[in-house]
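These are the residues of each chain, in order.
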Amino acid sequence: MAHESDQFGAKPAVLRCARCGRFVDWAEAYLQLVCGCRPRINLPPVLVREATDADRAAARQLFERDFRRTKIVAFGEVVDIDQMPALVAVMSEAPSGALAYRLMGDALHIVALATDPMWQRSGVGSYLLAEAELLARRLALRRLVVSTTNDNLPSLYFYQRRGYSLTDLVPNSVSAHTSKPVPGFAGIPVRDELRLEKRL
Ligand SMILES: CC(C)(COP(=O)(O)OP(=O)(O)OC[C@H]1O[C@@H](n2cnc3c(N)ncnc32)[C@H](O)[C@@H]1OP(=O)(O)O)[C@@H](O)C(=O)NCCC(=O)NCCS
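For clarity, every value in this text was computed on a predicted model and none was experimentally measured.

Peer 1: Please clarify how the overall build of the chain should be interpreted in this entry.
Peer 2: Assigned secondary structure in the chain consists of four helices and 11 strands. What you see for the chain is a C-alpha radius of gyration of 16 Å, in line with the 16 Å of a compact globule of 200 residues. Reported as C-alpha extents along the three principal axes, the dimensions of the chain are approximately 45 × 40 × 35 Å. The buried share among the 200 residues of the chain stands at 48%. At a minimum sequence separation of 6, the contacts of the chain that also span at least 24 residues come to 71%.

Structure below.
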């Protein structure tokens, strides 16, 4: 089992406020409903490709900011994000988002997905996910799977909006690895693993 500090530390500033643009910690972010009035952002062209050696440091930084560790527990295993192949989304120079993955039986496991807060809600995460799905099809896999934590409502929203369905709840699988409660999104204690899949 990985050391506790590698796994479930408090989470750093990772999300961008949709109203004022400030970067916030998980625990400082809240939900707000909007209608079709929400503004559009015009992006420069985004290129999604396999991470090169030169991209690895930037991808690592993106993942560390979100997960504050490189080892995470998912699907009953400790997985080192840093050792996984990754896709990166590049607009000008440094990657604006990254997706780490591994093959798991008939599935492509999305180990981690992170968009730089500066570029959130501008399509980067969707481009990365679409490329991972293309990759899974090319490899003749049947499913994509991903796990998230009970507090992470933005990612539950994000994946379900993109055709993923909940398959499992693993109660307390996260809190069992921590000595004290870790505040997650909006201060909700991080406790459980939620698994989702998309069948191809
Ligand atoms: C979850 C996460 C990866 C999503 O990444 P993202 O780059 O913001 O995702 P997208 O921009 O593709 O999509 C997010 C929303 O922005 C909207 N959007 C996309 N392009 C847009 C544009 N040009 N203008 C305005 N909004 C846009 C999308 O439509 C989507 O909303 P919708 O589902 O209501 O349609 C990101 O929030 C993140 O890094 N979170 C922290 C880490 C995390 O939780 N990872 C997931 C667990 S592995």
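Peer 1: I tried to follow the nonpolar core on my own but got confused; where do I start?
Peer 2: Taken as a class, soluble globular proteins show a tendency for nonpolar side chains to be buried jointly. Ranked by internal contacts, the top residues of the largest apolar core, which has 24 residues, are Leu99, Leu108, Ile110, Leu128, Tyr159 and Tyr164. For this core, the elements supplying multiple residues, two or more each, are β6 (86–90), β7 (95–104), β8 (107–115), α3 (124–138), β9 (143–149), α4 (153–161) and β11 (193–199). Broken down by element, the residue count for this core peaks at six residues, all from α3. Those residues in contact with Tyr164 that lie beyond four places of it in its chain are Ile110, Leu129, Glu133, Leu144, Val146, Tyr159, Leu196, Glu197 and Lys198. Counting 18 residues, the second largest nonpolar core, distinct from the first, contains Leu62, Phe63, Phe67 and Met84.

Peer 1: I'm lost on helix α2 (residues 53–67) in this one. Help?
Peer 2: Within an α-helix, residues lying three or four positions from one another point in the same direction, as the helix has 3.6 residues per turn. In this model, α2 (15 residues) spans 21 Å end to end at C-alpha, consistent with the 21 Å of a helix rising 1.5 Å per residue. Residues Asp55, Ala58, Ala59, Leu62, Phe63, Asp66 and Phe67 constitute the buried set of α2. Down the axis of α2, the smallest arc covering the buried residues is 155 degrees, so these residues share one side. Away from the buried face of α2 by more than 90 degrees, exposed residues Asp53, Ala54, Ala57 and Gln61 are located. The elements touched by buried residues of α2 are β1 (13–16), β3 (47–50), β4 (71–74), β6, β7 and β8. Within two residues after α2, Arg68 carries a phi angle of roughly 45 degrees, on the positive side.

Peer 1: What am I meant to see in empty space enclosed by the protein here?
Peer 2: Rolling a probe over the atoms, with the probe sized like a water molecule, indicates the empty space that remains. Per the stated rule, a full pass over the model turns up two cavities of 30 Å³ or more. Here the second largest cavity defines a volume of roughly 40 Å³. Arg56, Ala59, Arg60, Phe63, Ile81, Asp82, Met84, Ala86 and Ala100 are the residues that line the second largest cavity. Per-element accounting of the lining of the second largest cavity gives the leading share, four residues, to α2. The residue inventory of the lining of the second largest cavity, partitioned by class, reads six nonpolar, no polar and three charged.

Calculation rules
Residues numbered from 1 in each chain as written. Predicted model: local features only at pLDDT ≥ 70, side-chain atom pairs only at ≥ 80, totals over all residues. Heavy atoms only, no water. Helix = DSSP H or I, 4+ residues; strand = E, 2+ residues; numbered from the N terminus. Rg over C-alpha atoms; globule rule 2.2 N^0.38 Å. Buried < 20%, exposed > 50% of the residue type's maximum accessible area, 1.4 Å probe, protein only. Contact = heavy atoms within 4.5 Å. Core = buried A, V, L, I, M, F, W, Y, C linked by side-chain atoms within 4.5 Å. Expected span 1.5 Å × (residues − 1). Arc of directions from axis to C-beta. 1 Å grid on protein atoms, 1.4 Å probe; cavity = no way out; pocket = protein on both sides within 12 Å on 5 of 7 lines; lining within 4 Å. Points joined across faces, edges and corners; volume = space filled by probe spheres on them. Nonpolar A, V, L, I, M, F, W, Y, C, P; charged D, E, K, R; others polar.

Geometric values such as these leave the question of function open.
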